[in-house]
Amino acid sequence: MLPVLRTITVQQRPLKNVLPPLNGPVSRLLPNSLQTPTDSIDHSPDSHYSSYINPSLTVFNQGFFHGKLKSPAHISEARLLHSLLLVSGLFNGGLGSLLVNVYVRFSSFDEALLVFHKLPQKSNFAWNAILRGLVDRGWFSGAIEFYYLMVKQGIIPDNFTHPLVLKACSRLSAIEEGKKVHDLILFFEIHHSVKPNVYVECAMIDMFAKCGSLSESRQLFEKIPSKDLASWTAIICGTVHFGVTVEALGLFKRMRNEELQPDSVIIASLLPGCGRLQDKQLGKTFQGFALKSGFGSDLHVSNALIDMYSKCGDTLEARFIFDNIKYKDLISWGSMIACYSQNCQYDKSFDLYLEMMSLGISSNKIIVSCVLPALAKLKLLKHGKEMHGYILKQAFESDVIVGSSLIDMYNGCGSKREASLIFEKMADRDITLWNSMITSHALTGDFDSVFQIFWRIWEYKLSPNSVTLVTILPICTATGNLRQGKEIHSYAIRSSLDTSISLGNSLVDLYCKSGYLDFGLIVFNKMTEKNIVTYNTIISAYGINGDGAKAISFFDQMKEARIKPNKITFVALLSACSHAGLIERGCFYFISMLRDYGLVPTMEHYTCMVDLLGRAGCIDDVLNFIKKMPCSPGLDVLGSLLSACRVHNKVELAELVIRKIHQQNLRDSGYHVLLSNIYASIEKWEDVSKVRRMIKEKDLVKKAGCSWIQVGGCFHQFHSESGMMLPGYTNKIQEVVRSLYLEVKEEGYVSEASLFSYDLVGDECCL
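Presented here is a report on the structure given in the accompanying data block.

Re the environment of arginine 218
With respect to the helices and strands, arginine 218 occurs in helix H14 (residues 214-223). Using a relative accessible area of 22% as the deciding quantity, one classes arginine 218 as partly exposed. Apart from the residues within four sequence positions on either side, arginine 218 is in contact with Ile235, Glu247, Leu251 and Arg254.

Overview of the side chain of serine 341
Note that serine 341 resides in helix H21 (residues 330-342). On the basis of relative accessibility, which here comes to 10%, the residue serine 341 falls in the buried class. When neighbours within four sequence positions are excluded, serine 341 is seen to be in contact with Tyr346, Ser349, Cys370, Pro373 and Ala374.

Overview of helix H30 (residues 482-494)
Between the first and last C-alpha of H30 there are 18 Å, a value that for 13 residues agrees with the 18 Å anticipated at 1.5 Å per step. All of the buried residues in H30 are Leu482, Gln484, Gly485, Ile488, His489, Tyr491 and Ala492. Positioned one or two residues after H30, serine 496 has a phi angle of 60 degrees, which is positive.

With respect to the pattern of salt bridges
Taken as a whole, this structure holds 16 salt bridges when the rule is applied. A salt bridge links lysine 179 to glutamate 216; its shortest N-O distance comes to 3.8 Å. Highlighted residues: lysine 179 in helix H12 (residues 175-192) and glutamate 216 in helix H14, separated in sequence by 37 residues. Notably, a salt bridge pairs arginine 218 with glutamate 222, separated by 3.5 Å at the nearest N-O pair. In this pair, arginine 218 and glutamate 222 both sit in helix H14, 4 residues apart, roughly one turn of the helix.

A look at the side chain of glutamate 111
In this fold, glutamate 111 is placed in helix H8 (residues 109-118). With residues up to four places along the chain from it excluded, the contact list for glutamate 111 reads Arg79 and Tyr103.

Section: the packing of helix H37 (residues 603-615) against helix H38 (residues 619-627)
Relative to each other, H37 and H38 sit at 160 degrees, their axes nearing to 8 Å. Between H37 and H38, the crossing angle belongs to the class labelled roughly antiparallel. Crossing hand, H37 versus H38: right-handed. Only Ile619, Asp621, Val622, Phe625 and Ile626 of H38 make contact with H37, whose side of the interface consists of Tyr606, Met609, Val610, Leu613 and Gly614. Of the residues assigned to the contact of H37 with H38, the class counts are 8 nonpolar, 1 polar and 1 charged.

Structural notes on the packing of H38 against helix H39 (residues 635-647)
The relative placement of two packed helices is expressed as an angle between their axes plus a distance between the axes. Where H38 contacts H39, the two axes come as close as 11 Å, and the packing angle between them is 165 degrees. Considered as vectors, H38 and H39 are oriented roughly antiparallel to each other. Note on packing geometry: the crossing formed by H38 with H39 is left-handed. Listed contacts from H39 to Ile619, Val622, Leu623 and Ile626 of H38 are Val637, Leu641 and Ala644. A class-by-class count of the residues in the contact of H38 with H39 yields 7 nonpolar, no polar and no charged.

Looking at unusual backbone geometry
Generally, phi is negative for residues other than glycine and the peptide bonds are trans, each holding for most cases. We note that serine 193 has phi near 55 degrees; this positive angle belongs to a residue other than glycine. Within the secondary structure, serine 193 is located in the loop between H12 and helix H13 (198-210). Positive phi values are uncommon outside glycine, yet arginine 562 reaches one of about 60 degrees. Relative to the helices and strands, arginine 562 resides in the loop between helix H34 (548-560) and helix H35 (567-580).

Topic: the packing of aromatic side chains
How two aromatic rings sit relative to each other is set out by the distance from centre to centre and by the angle between their planes. All told, the structure shown has 28 aromatic pairs when counted by the stated rule. Between phenylalanine 116 and phenylalanine 146 the ring centres are 6.0 Å apart and the planes differ by 55 degrees, which places this aromatic pair in the tilted class. Of this pair, phenylalanine 116 sits in helix H8 while phenylalanine 146 sits in helix H10 (residues 140-152); the two residues are 30 residues apart in sequence, bridging distant segments of the chain. Accessibility expressed as a relative area gives 0% for phenylalanine 116, which makes it buried. The class for phenylalanine 146 is buried, based on a relative accessible area of 1%. Here tyrosine 516 and phenylalanine 519 contribute two aromatic rings whose centre-to-centre distance is 5.5 Å and whose plane-to-plane angle is 15 degrees, an arrangement assigned as stacked.

Thresholds, definitions, all that
- Residues numbered from 1 in each chain as written.
- Predicted model: local features only at pLDDT ≥ 70, side-chain atom pairs only at ≥ 80, totals over all residues.
- Heavy atoms only, no water.
- Helix = DSSP H or I, 4+ residues; strand = E, 2+ residues; numbered from the N terminus.
- Buried < 20%, exposed > 50% of the residue type's maximum accessible area, 1.4 Å probe, protein only.
- Contact = heavy atoms within 4.5 Å.
- Expected span 1.5 Å × (residues − 1).
- Salt bridge = Lys/Arg side-chain N within 4 Å of Asp/Glu carboxyl O.
- Axes fitted to C-alpha atoms, helices over the stretch in contact; angles between N-to-C directions.
- Parallel < 35°, antiparallel > 145°, perpendicular 65-115°, else oblique.
- Left-handed = near helix turned anticlockwise from the far one by under 90°.
- Nonpolar A, V, L, I, M, F, W, Y, C, P; charged D, E, K, R; others polar.
- Phe/Tyr/Trp six-rings, centres within 6.5 Å; stacked < 30°, edge-to-face > 60°.

Shown next, in the form of structure tokens:
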């Protein structure tokens, strides 16, 4: 049931207390009780229209105009009928309202508005027509204010009015405005007996779900005594939009149990949800259902299939669907272009865009936004600038999504100055643009700028969304800034953003990598919906911390949830088995990934297997495994073998491995340092010196250790190399290190030579 408190409030307070004050664009558009603009059409009988019309035509009666205004063939016919109405003196509220609706249908909104101003009596039909025009043009804020103005004028909204204004609320995610409209619907039902019909009920269900209030949406849905296909469609589509695909699938099953046949709209809404779950098999099931039901070739279903296969990483199947669409619309082209871009096939994404343009198909804002990321990844700055020119010609530059994509493109191509200029020039800098700036600085490792921009968001009285938080949290993880991460988590809970899958994944990663596995598990268990990334994150976390059994239990949970593992899953599993010493289990999973899931092992999987066997001291098995590899072992495989040689003092084998590494012409001295440590562990100091001379002769580069520290809200990055520490703090840092070393020595710590990493570039060794 709906909250009783709100219903009682609506019953007791007068209408003027329900309505908010009008101070937006519509109040300026229609001031002083809809006064006539100075540039309005002259509706007097002797206006300039009479010069085009024979006065004898005034014999036409209202029935003639009523029939013609219902379905004029084109805008010119509507204008002719308009002039006939004027010269015949038959322009009145009824026919004028029809004329307003005609102009709205032909997208001539300015003319519709001018006629609306001149109506002697403005009917609900005319008000609804203007409201529809505002919604169709995307002026959602204006549509909401126009609705309030309509009520203030004493017009009682009907069941054609409320679905329009509720749609405007849902498109803006304006939950508070949606609640006000809901209150007014209850008010008119109580005081004016305007009972909402099924379309209004469905619009309310859809609005609450899309605005993030799924509980209120479900309450409204459950109150409907006889649920038809429209109500089921509203709740299922709204639930998918909210991101709770599993719950939407449960509703779909419940609907089928009531022997209702789903339509193409429900199938088209569920398919992207299958993609989010990365459950391609379930998506194929819905595809088969669509074919059997006769709407397999439906354009909306086809576009949804492209999106589903894209999210599952199957670009070939997505392209097959695309190629078999007989009449492609811009959504079809945009979905396929985005499919390639999202799956890192940027050249194909750009080529498909060029193919579309060569066919004479005009691009739109969405397609431009899909192409720009591909240009950024391909570093095609020249093409990006050409695209920018096209955007300016088409007047797309004020669109927030296009502006965000332009910022990403310029940042991706290394043109930060141009990106900043676009950002500063955007009049409507909503959170999407701020997110683009944060992402660009995060990708270049400029953490100071990331947090400065993040704090500026609050200064502009904007609220970070889930995308903002998902971008910031990995930086907190990388820099060990758990405190900031906890603050972001608290904000997410207060703002009801914690239901986002991506945000949940980032929080699990933050807590687990910070050593708080229990907190990570709490977040994991609270997530209502999990995807492959969720399970990969938790498996990897427990594996790294040595709890292989727990990591395997999460893998079993993932299989029960019908989420198909990918290559990253098996890297995490093999690593978990390696850290826990589960040799047989690790070998089983290595075989299973190809046998049971069709996943061909990559060099990363071979490296994990070498590490697994090497840690257990099975050096002979490692050598046999490497010999049987279908490809030459990479540096990581050889590096894992070298690490095993160090642990088990296999000096001769280590020398053989280092010769193999030499053949790869590696410029990193890390593997040579590892070899020197092997010599040092058995006190072969001459060989240590020999390796040191080799590094100097070859001028090999040593990767310095790097750390971050936050001082006074500013991040400082420093390296272990001399002169690369915090300015002014070098001596203090060295003093603290020496002090700590003395303390641990007093506690009885005895250094072990095999655990020292000898600095072969400098003069000392470091722990």
